[in-house]
Amino acid sequence: MQVGVRRVIRGVILCVAAAFVACVTGVMTGAVTNAAGQGQAAGGQAPQMAEQVFKDVQVLKGITVDEFMDTMGMFAAATTRDCTGCHAPEILSGSREAFAISTPLIQRARQMTVMTNTINRNFFGNQRRVTCYTCHSGVPFPHRTPNLSIQYGTPPEDNPDRLEFVVLPDRAKDVDAIFAKWIQEIGGAQAWAGVKSFTAAGTYAGWDTSHVEVPVDFFAQAPNQFTTMVHRKEGDNIFVFNGMNAWFAGVDAAAPNFTLNYTGGNLTGFRIDALLQVAPQTVQKAYAQWQVSEDLVGDEPVTVLQGTNKGETPVNLYFNDAGMLVRLVRWNDTAVGPVPTRFDFSDYRQVGAIRKPFQWVRAWTNNRVVYKLKDVRLNAPVDANRFQRPAPIALN
Ligand code: HEC
Ligand code: HEC
């Protein structure tokens, strides 16, 4: 009963959060071009820093815009407040300046950020071990007293998105077999090696569309390029990974006339997403190390493989008893701790010689969306322009 109520409240809050992400469209004008214009890095553009793009950044300095927005996601998820939970109500009317308006809760959250950093510096060797979530765990006011119902009741559900990973050393020998079985189930390495590209149409539904399905187009090119174009009523949202850089341009951009450069765990996340779409047979060797654990997805027992590369946040792949990939969880490190992105894959169908999931649910701190594929075409020519940095997109 209580859990049900909590879920409903959470849903409403997330819903509002997504609406607000859409509202961020409109924050800032001039500074953006300054930030974006600063130095072209080889193969792409230097990522924009938050204090160059936003108006009143006092504590979250020295981080990129995508990390800054994920930090807002951590704030919202940890305290279960939507964006208006801290920001001035004027953000709802699309005011560009409104996110910079100071409120008592913004001041408090700044103090909390300084406090959290101080705790980590003084007591955890400067590792981000204590995060907003450690104390708040999804409540605005952290509890002071123990909960006897929990002590003597059913243990609360485990957090499926936690970064902590229980390594089962005796299962390390199984890694090759787990990958081999999965690749076999989806058509085999040889069949996948013959997939040079795919295009697909489909639908997208999330908090930002009030769960109404809108059209989406996918373009992928082996070995690792993948573009998603969501056609919202208000305009397009375009996600591009060109094998090296990941970008977002669209009506939900963090600022108007703005193309976002993804960094850190978001960037490496786009890489694994692309590999899964167009070259899953290369996933195993894309990570230096794999470790094995066991878990549940719903009630279904799964084997979990955690892939790591030096200097990157890990990726977890969840395989069911049939050997199919049913879940992926990856993380982005923010200024106040890691935030998860989770994919749940389902509806595997045969396309030519391979099998692909025709549905996946992508959940992260700013939204939860359902993608469904319709017309999947293998090896149709894909215009190279599809994988270039997308131009900013204005609201219709
Ligand atoms: C727990 C409170 C809290 C919540 C919830 C929150 N924010 Fe913030 N937000 C802040 C604080 C604090 C700052 C200022 C950070 C600083 O000074 O370094 C800020 C700054 C911003 C800025 C920069 C404004 C400027 O121009 O200086 C944007 C944009 C922003 N938030 C967007 C969002 C969005 C979108 C959401 C909802 C997903 C959100 N925030 C949720 C506390 C919050
Ligand atoms: C060490 C534990 C701890 C950590 C870490 C922590 N908080 Fe808090 N937070 C608290 C406590 C305790 C309160 C006060 C609750 C009360 O007044 O009952 C609080 C209050 C707040 C409030 C004000 C609530 C209100 O309505 O007055 C905000 C906003 C907040 N925290 C945001 C954050 C954010 C954002 C982070 C991460 C940067 C964070 N907190 C990290 C313990 C923590």
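Right, let's walk through the structure included here.

Rules of the game
- Residues numbered from 1 in each chain as written.
- Chains lettered and ligands numbered in written order.
- Predicted model: local features only at pLDDT ≥ 70, side-chain atom pairs only at ≥ 80, totals over all residues.
- Heavy atoms only, no water.
- Helix = DSSP H or I, 4+ residues; strand = E, 2+ residues; numbered from the N terminus.
- Buried < 20%, exposed > 50% of the residue type's maximum accessible area, 1.4 Å probe, protein only.
- Contact = heavy atoms within 4.5 Å.
- Areas by Shrake-Rupley, 256 points an atom, 1.4 Å probe, with all protein chains shown as cover.
- Near = heavy atom within 4 Å.
- Polar contact = N/O pair within 3.5 Å; in protein donor to acceptor, adjacent residues only side chain to side chain.
- Nonpolar A, V, L, I, M, F, W, Y, C, P; charged D, E, K, R; others polar.
- Pairing = 2+ DSSP bridges.
- Core = buried A, V, L, I, M, F, W, Y, C linked by side-chain atoms within 4.5 Å.
- Domains from an automatic or database assignment.
- Donors = N, O, S within 2.8 Å, 3.2 Å for Na, K, Ca; no water.
- Tetrahedral: all angles 85-135°; square planar, octahedral: opposite > 155°, others 65-115°.
- Phe/Tyr/Trp six-rings, centres within 6.5 Å; stacked < 30°, edge-to-face > 60°.

This paragraph deals with the overall build of the protein. Across its full length, the protein carries 11 helices and 13 strands. Evaluated residue by residue, the protein yields a buried proportion of 49% over its 396 residues. Long-range contacts, defined as pairs at least 24 residues apart, comprise 55% of the intrachain contacts of the protein with a sequence gap of at least 6. A total of about 19200 Å² of accessible surface is found on the protein, and carbon and sulfur atoms cover 56% of it.

A word on the site of ligand 1. Taken together, 25 residues are adjacent to ligand 1, and Met72, Cys83, Cys86, His87 and Arg110 come closest. In the environment of ligand 1, an oxygen atom lies 2.8 Å from a nitrogen or oxygen atom belonging to the backbone of Lys55. Elements supplying a minimum of two residues to the shell around ligand 1: helix H4 (65–79), helix H5 (83–86) and helix H6 (104–123). Per-element tally for the shell around ligand 1: the top contributor is H4, with five residues.

Here we come to the site of ligand 2. Surveying the vicinity of ligand 2 reveals 18 residues, the closest of which are Arg81, Met112, Cys132, Cys135 and His136. Within the side chain of Arg81, an N or O atom sits 2.8 Å from an oxygen atom of ligand 2. One of the side-chain N or O atoms of His136 is found 2.7 Å from a nitrogen atom in ligand 2. Every element with two or more residues in the shell around ligand 2 is listed here: H4, H6 and helix H7 (132–136). Sort the elements by how many residues they give to the shell around ligand 2 and H6 lands first, with seven residues. For the shell around ligand 2, the residue count by class is 11 nonpolar, five polar and two charged.

Here we come to the pairing of strand E11 (residues 337–351). The sheet contact formed by strand E10 (residues 325–334) and E11 spans eight bridges and is antiparallel. Across the sheet, Asn332 pairs through a bridge with Val339, a residue of E11. Counting the residues in the hairpin turn of E10 and E11 gives two residues. The sheet contact formed by E11 and strand E12 (residues 354–364) spans nine bridges and is antiparallel. By the bridge assignment for E12, Phe345 is matched with Trp360. In this structure, the hairpin formed by E11 and E12 is closed by a connection of two residues, where Gly352 is found at a positive phi of approximately 60°.

The subject of this paragraph is the nonpolar core. Ranked by internal contacts, the top residues of the largest apolar core, which has 73 residues, are Phe54, Trp182, Phe218, Val283, Trp290, Leu317 and Tyr371. Both domains that furnish three or more residues to this core are identified here as domain 1 (2–150) and domain 2 (169–387). For Tyr371, the contacting residues outside a window of four places in its chain are Thr203, Tyr204, Val216, Phe218, Thr228, Val230, Phe239, Phe358, Gln359, Trp360 and Arg362. Counting eight residues, the second-largest nonpolar core is a separate cluster that includes Phe165, Val297, Val304 and Tyr318.

Distances from the iron atom of ligand 1 to its protein donors, namely Met72 (SD) and His87 (NE2), fall within the range 2.0 to 2.3 Å. What the six donor atoms of the iron atom of ligand 1 show is an angle range of 87 to 180° at the metal, which sorts the shape as octahedral. You can see Met72 sitting in helix H4 and its partner His87 sitting in the loop between H5 and H6, a full 15 residues away along the chain. A relative accessible area of 23% places Met72 in the partly exposed class. For His87, a relative accessible area of 15% translates into the label buried.

Moving on, we come to the coordination of the iron atom of ligand 2. For the iron atom of ligand 2, every protein donor is listed as Met112 (SD) and His136 (NE2), and the spread of their distances is 2.0 to 2.4 Å. Classification of the site at the iron atom of ligand 2 rests on its six donor atoms, whose angles at the metal span 86 to 180°, yielding the label octahedral. A residue pair is termed long-range when its members are at least 10 positions apart, and Met112 in helix H6 and His136 in helix H7 qualify at 24 residues. A relative accessible area of 12% places His136 in the buried class.

Now for the packing of aromatic side chains. Summed over all chains, the structure comprises 15 aromatic pairs. Seen in terms of ring centroids, Phe179 and Phe319 are 6.3 Å apart; in terms of plane orientation they differ by 70°. Their pairing is edge-to-face. One end of the pair, Phe179, is in helix H9 (residues 175–185); the other, Phe319, is in strand E9 (residues 315–319), with 140 residues separating them in the sequence. Accessibility expressed as a relative area gives 3% for Phe179, which makes it buried. Judged by its relative accessible area of 2%, Phe319 is buried. On the basis of an interplanar angle of 55° and a centroid distance of 5.5 Å, the ring pair of Phe218 and Trp360 is categorised as tilted. You can see Phe218 sitting in strand E2 (residues 214–221) and its partner Trp360 sitting in strand E12, a full 142 residues away along the chain. The pair Phe218 / Trp360 is uniform in exposure class, with both members buried. Taken together through their ring pairs, the aromatic side chains of Phe198, Tyr204, Phe218, Phe226, Trp360 and Tyr371 make up a single cluster.

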